[in-house]
Amino acid sequence: MTVRSAGKAATIVRRLATFYGVTLAFSWSWWSWMFVMGQMVEPGSAASHLPGLAGPMVGALVSTALFDGRAGLSELAQRCLRFPPRRLLAISFVLLPLLLLAAVILISRAQGLDWPPANAFFEYPGVPSSTGWFASIILVLVLNGFGEEVGWRGYAFDQLVGNHSALTSTLWVSLLWLVWHLPLFFVHRNMGEMIGPALLGWGIGLLLGAFVLSWLYLTFQRSILVCALWHTAYNFAVATPAGGHLAPALISTVVMFAGLWAAGTMRAGTMSRPH
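Bear in mind that the values here come from a model prediction, so they are computed numbers and not experimental data. (Residues numbered from 1 in each chain as written. Predicted model: local features only at pLDDT ≥ 70, side-chain atom pairs only at ≥ 80, totals over all residues. Heavy atoms only, no water.)

Our next topic: the packing of helix α8 (residues 198–219) against helix α9 (residues 224–239). Helix-helix packing: each pair is described by the crossing angle between the helix axes and the interaxial distance. Relative to each other, α8 and α9 sit at 145 degrees, their axes nearing to 8 Å. The two elements α8 and α9 cross, and the hand of that crossing is right-handed. Here α8 contributes Val212, Leu213, Leu216 and Tyr217 to the contact with α9, which in turn contributes Ile224, Cys227, Trp230 and His231. Among the residues forming the contact of α8 with α9, the class breakdown is 7 nonpolar, 1 polar and no charged. (Axes fitted to C-alpha atoms, helices over the stretch in contact; angles between N-to-C directions. Helix = DSSP H or I, 4+ residues; strand = E, 2+ residues; numbered from the N terminus. Left-handed = near helix turned anticlockwise from the far one by under 90°. Contact = heavy atoms within 4.5 Å. Nonpolar A, V, L, I, M, F, W, Y, C, P; charged D, E, K, R; others polar.)

Spelled out as structure tokens, the structure:
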């Protein structure tokens, strides 16, 4: 390793340490407060874990401001709003989780089951039941979609992939992402119920989902917008009761196979950070 490359690696480590420190401080403070107050996100509860999901975005903004200043923040904002040239393809990928949800509902209807009520599509964990459908989408997009993707893909992955392979970068981001989730198992009923053998499946699903998001990020010219929209669409498809128990299982399985394919593509060395 040359002196120049060693210096670049040290800079990336400092940037990521700052990003991750701020991310954990912000997210874990909120979720720890929920735990101390005995709040649990579950159907019918007013508790919300969503503000804590914005931690990665806060970490990215702070680290960018410290190391890159106003120019860096401007470039980060541009990637948050960037819709790539292949718009139709990008829109197709963003809508895919919702199309799979629609397919599940149509199959259930063909089997004689009733249509899900309209509010079932927007009963999102952590969103107050009194929130309207449009406000629910915006809230989840900002705090969950952008809240996570500005940090994990737009900053952490973007920093790593400039000095490492896409495969290695995704593995590192997955590890950071997994550890960050840990307090949620004590304040989110659905996640808490996975403690046990199901936890391994959740971890594998997170890893393969990270490969899908890395692939989207690189394919669509480092567009944080595409990743945030896909992340939001996926969560609405699997976390709301509209599709019953079948939709989360089917959609997660499709994403896991897509993640395996994306990992294979990265292992073949055919993907790199676009300039």
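On we go from here.
Bringing the packing of aromatic side chains into the picture now. Scanning the model with the defined rule gives 18 aromatic pairs in all. Between Phe35 and Phe186, the ring centres sit 6.4 Å apart and the planes meet at 75 degrees, which makes this aromatic pair edge-to-face. In this pair, Phe35 sits in helix α1 (residues 3–36) while Phe186 sits in the loop between α6 (166–181) and α7 (189–192), placing the two residues 151 residues apart along the sequence. Neither residue differs from the other here; Phe35 and Phe186 are each classed as exposed. An aromatic cluster of three or more residues is present, and its members are Phe19, Tyr20, Trp31, Trp152, Tyr155 and Trp180. Stacked on the ring of Trp177, the Lys or Arg Arg153 has its end atom at 4.4 Å from the ring centre. (Phe/Tyr/Trp six-rings, centres within 6.5 Å; stacked < 30°, edge-to-face > 60°. Buried < 20%, exposed > 50% of the residue type's maximum accessible area, 1.4 Å probe, protein only. Lys NZ or Arg CZ within 6 Å of the ring centre and 35° of its normal.)

Bringing the pattern of salt bridges into the picture now. For the structure on display, the rule yields 7 salt bridges. The salt bridge partner of Arg15 is Asp68, with a shortest N-O separation of 2.7 Å. In this pair, Arg15 sits in helix α1 while Asp68 sits in helix α3 (residues 55–81), placing the two residues 53 residues apart along the sequence. Residue classification places Arg15 among the buried residues on the basis of a relative accessible area of 12%. Here Asp68 falls in the partly exposed class, since its relative accessible area comes to 32%. Its salt-bridge partner being Arg222, residue Asp158 comes within 2.8 Å of it at the nearest N-O pair. A residue pair is termed long-range when its members are at least 10 positions apart, and Asp158 in helix α5 (residues 133–161) and Arg222 in the loop between α8 and α9 qualify at 64 residues. Given the relative accessible area of 4%, Asp158 is considered buried. In this structure, a network of salt bridges that share partners links the residues Glu75, Arg79, Asp158 and Arg222. (Salt bridge = Lys/Arg side-chain N within 4 Å of Asp/Glu carboxyl O.)

This next bit is on the environment of Trp152. Locating Trp152 in the fold gives a position in helix α5. For Trp152, a relative accessible area of 0% gives the class buried. Between the C-alpha atoms of Trp152 and Met191, which are 39 residues apart in sequence, the distance is 20 Å. Discounting chain neighbours no more than four positions away, the residues touching Trp152 are Phe19, Tyr20, Thr23, Pro56, Phe157, Val173, Leu176, Trp177 and Trp180.

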